[in-house]
Amino acid sequence: MSDPWGPLRERYARPGPRRLLALDGGGIRGVMTLEILAEIERQLRELRGAGPEFRLSDFFDYVAGTSTGAIIAAGLARGMSVAELLDFYVQVGPQMFDKSALLRRWKHLYRAEPLKEKLQVVYGAETTLVPEDLRCLLLVVTRNATTDSPWPISSNPLALFNDRALPDCNLNIPLWQLVRASTAAPVYFPPEVIEWDPNDPSKSFVFVDGGVTPYNNPAMVLYRMATLPEYRLGWSTGEGRMMLVSVGTGAAAQLGNTADAPESHLVASGMGLLEALMNGAVIEQDLQCRTVGRCVYGNPIDLEVGDMVPRDASGDPIPLDRDLGRAFLYARYQPELTAEGLAALGLADADPPIEPKKVQTLDAIDQIENLRTIGRAEGERHVHLADFGALVTA
């Protein structure tokens, strides 16, 4: 019987520690994620004395992504550098959000074909989730609209539905198609139909964006799939054995109705409710990670709980050599796309000026350079590998 791990056997036979990376959805705002990752990649190269051949897939054992985060995570798992992915976004971004023909606009705003074609080029049309095609484990979050359920799909070769003897083995799905399914944002893009088993029509499903599941921020589902015995990895937990880096695509509270005008029309209410639910889910996943894990960096959740970084009586962060018994070390990098948030990043007087409203939309193609500037500022100010102690060098 062949080894299910294939060329990854030696790496994953080692006991650890394990390093996880989770990437949020957020449309073209993924360029901010990439600039933050560029800073992580740069610091790791410097710390390890590595050359340009170093990749984040050499460091992170398991990467997860939802929607635009899935595009990035898949590229990293394939062994792409952050610079290569940034080039992809800058060059292909306008095509990814190519306007649909007017007669089809009532169904969705953008055409899927440009993204499909580019994903096949960047990943390879025949690339799947098998270990031979990836340099580290990958998790892609999507939503199966046919079964009305979130489908986080992993490349873990030991997982129940990844047995290569199965006719509907998850590992056989083309990587580009799985990523396309995760990015099929309702209204923006048409859904993706995937034939899990070409010989069984009942195994063909309609998929839409993973961002409309509770896992637009996939950090906690990644942790569960890496550690729970049901997923057949069962990696060890503990502050000295696991770290989780979570990167968002920017946050900005959308102020709603006021007391003197509490009602809104039906369309505005519907759109506002969907956005509110998605934002709430992102924050909830972050909050869970800070509760189960030990937060080493992150913006405050709210005025009551703050950033949840453990501190002593004087308000100083408790040193990492004092183990607090949490399941993992955790950092959340999430730029705040408000006037106050930009000012805190030193961008209040950016030239040209950055307007918060313009950088908050999922399809802000004309704001790519401003989004990159925000991502760079977040990375340079807040990414510090020392926050993870010995887990960085182990």
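Above this text sits the structure in question.
Residue positions are given per chain, counting from 1 as you read along its sequence in written order. Local features in this predicted model are restricted to residues of pLDDT 70 or higher, and side-chain atom pairs are both shown and tallied only at a pLDDT of 80 or more, whereas totals for entire chains, interfaces and linings draw on every residue. Side-chain measures here rest on the full set of heavy atoms in the structure, leaving out hydrogens and waters.

A. Molecular detail of the pairing of strand β3 (residues 137-144). Exposure classes here rest on a 1.4 Å probe applied to the protein chains alone. A residue is buried below 20% of its type maximum, exposed above 50%, and partly exposed in between. Here a helix means four or more residues in a row that DSSP labels H or I, a strand means two or more in a row labelled E, and each is numbered from the N terminus. Among the eight residues that make up β3, eight are buried, leaving the element largely enclosed by the rest of the structure. A two-sided burial pattern is seen for β3, the buried positions comprising Leu137, Leu139, Val141 and Arg143 on one face and Leu138, Val140, Thr142 and Asn144 on the other. Across six bridges, the pairing between β3 and strand β4 (residues 149-154) is antiparallel. Pairing of Thr142 across the sheet is with Trp151, part of β4. Should DSSP find at least two bridges between two strands, the strands are regarded as paired.

B. View of the packing of helix α2 (residues 30-48) against helix α11 (residues 368-382). Two elements in contact, α2 and α11, have axes whose closest approach is 7 Å; the angle formed by their N-to-C orientations is 35°. Classified by chirality, the crossing of α11 by α2 is right-handed. Residues Val31, Met32, Glu35, Ile36 and Glu39 of α2 form the contact with α11, whose own contacting residues are Ile368, Leu371, Arg372, Ile374, Gly375, Arg376, Glu378, Gly379 and Glu380. Axis lines are fitted through C-alpha atoms, for helices just across the contact stretch, and the angle between N-to-C directions can take any value from 0 to 180 degrees. Crossings are assigned a handedness: left-handed for a near helix turned anticlockwise from the far helix by less than a right angle, right-handed for a clockwise turn. Pairs of residues are marked as contacts when any of their non-hydrogen atoms sit within 4.5 Å.

C. Region of the structure containing the layout of surface pockets. Put simply, the second largest pocket is a space of about 420 Å³. Lining the second largest pocket are 20 residues, with Pro152, Leu160, Phe161, Asn162 and Asn170 sitting closest to its centre. It is β4 that contributes the most residues to the lining of the second largest pocket, five residues altogether. Its residues placed into classes, the lining of the second largest pocket shows 13 nonpolar, four polar and three charged. Note on definitions: the grid is 1 Å and covers protein atoms alone; a cavity is a set of points where a 1.4 Å probe fits but cannot get out; a pocket is an open set with protein on both sides within 12 Å along at least five of seven lines; lining residues have an atom within 4 Å of a point. Grid points are joined across faces, edges and corners, and a volume is the space filled by probe spheres set on the points. Side-chain classes follow a simple rule in which Ala, Val, Leu, Ile, Met, Phe, Trp, Tyr, Cys and Pro form the nonpolar group, Asp, Glu, Lys and Arg form the charged group, and the remainder, Gly included, forms the polar group.

D. Broad picture of the environment of Pro17. Assignment of secondary structure puts Pro17 in the loop between α1 (9-13) and β1 (18-23). Since its relative accessible area comes to 18%, Pro17 is described here as buried. In contact with Pro17, other than residues within four places in its own chain, are Asp61, Gly240, Arg241, Leu391 and Ala394.

E. Region of interest: the packing of aromatic side chains. Only Phe, Tyr and Trp rings are paired, with Trp represented by its six-membered ring, and only when their centres lie within 6.5 Å; those with planes under 30 degrees apart are stacked, over 60 edge-to-face, the remainder tilted. The final tally for this structure, using the stated rule, is 14 aromatic pairs. For the ring pair Tyr12 and Trp235, a centre distance of 6.1 Å and an interplane angle of 5° mean the geometry is stacked. Separated by 223 residues along the polypeptide, Tyr12 in helix α1 and Trp235 in the loop between α7 (219-227) and β7 (242-247) bring together distant segments of the chain. For the residue pair Tyr12 and Trp235, the accessibility class agrees, reading buried in each case. Taken together, Trp5, Tyr12, Tyr62 and Trp235 form an aromatic cluster joined through their ring pairs. Put simply, a charge is over a ring when the Lys NZ or the Arg CZ is close to the ring centre, within 6 Å, and near the line of the ring normal, within 35 degrees. Across the ring face of Trp235, the terminal group of Arg18 is positioned such that the distance to the ring centre comes to 4.8 Å.

F. Representation of α2 in the model. Multiplying one less than the number of residues by 1.5 Å gives the expected span of a helix. With 19 residues, α2 extends 27 Å from end C-alpha to end C-alpha; this agrees with the ideal 27 Å at 1.5 Å per step. Across the 19 residues of α2, 14 count as buried, placing the element largely inside the fold. Backbone geometry just after α2 places Gly49 at a positive phi near 60°.

G. Fine view of helix α6 (residues 175-182). Counted residue by residue, α6 has eight buried out of eight residues, so it is predominantly covered. Listed as buried for α6 are Leu175, Trp176, Gln177, Leu178, Val179, Arg180, Ala181 and Ser182.

H. Spatial organisation of the packing of α2 against helix α3 (residues 68-77). At a minimum axis separation of 9 Å, α2 and α3 run at an interaxial angle of 35°. The interaxial crossing formed by α2 with α3 has right-handed handedness. From α2, Gly30, Thr33, Leu34 and Leu37 reach across to α3, where they touch Thr68, Ile72 and Leu76.

I. Here's a closer look at the pattern of salt bridges. Any Lys or Arg side-chain nitrogen found within 4 Å of a carboxyl oxygen on Asp or Glu counts as a salt bridge. Inspection of the entire model under this criterion finds 19 salt bridges. In this structure, Arg45 engages Glu41 in a salt bridge whose closest nitrogen and oxygen atoms are separated by 3.5 Å. In this pair, Arg45 and Glu41 both sit in helix α2, four residues apart, roughly one turn of the helix. Overall, Glu41 belongs to the buried group, its relative accessible area being 5%. For Glu132, the salt bridge identified is with Arg164, shortest N-O distance 3.1 Å. Taken together, the residues Glu132 in the loop between α5 (113-123) and β3 and Arg164 in the loop between β4 and α6 connect sequence positions 32 residues apart. Overlapping salt bridges bring together Glu35, Glu369, Arg372 and Arg376 as one network.

J. View of the side chain of Asn216. In this fold, Asn216 is placed in the loop between β6 (204-209) and α7. Looking at Asn216, the relative accessible area reads 10%, which means it is buried. Here Asn216 is in contact with Leu23, Asp24, Gly25, Thr66, Gly210, Gly211, Met278 and Val282, once residues within four sequence places are set aside.

K. Here's a closer look at unusual backbone geometry. The omega torsion across Gly16 and Pro17 is 10°, close enough to zero to call that bond cis. Cis peptide bonds are those with omega within 30 degrees of zero, and the linkage from Asp351 to Pro352 qualifies with 5°. As for its placement among the helices and strands, Pro352 is situated in the loop between α9 (339-344) and α10 (356-359). Positive phi outside glycine occurs at Ser67, with the angle close to 55°. Looking at the element boundaries, Ser67 is found in the loop between β2 (62-66) and α3. Located in the positive-phi region is Met308, a residue other than glycine, with phi close to 65°. For Met308, the location among the structural elements is in the loop between β8 (294-297) and β9 (329-333). Taking relative accessible area as the criterion, Met308 reaches 23% and is therefore assigned partly exposed.

Geometric descriptors of this kind do not, in isolation, establish any biological role.
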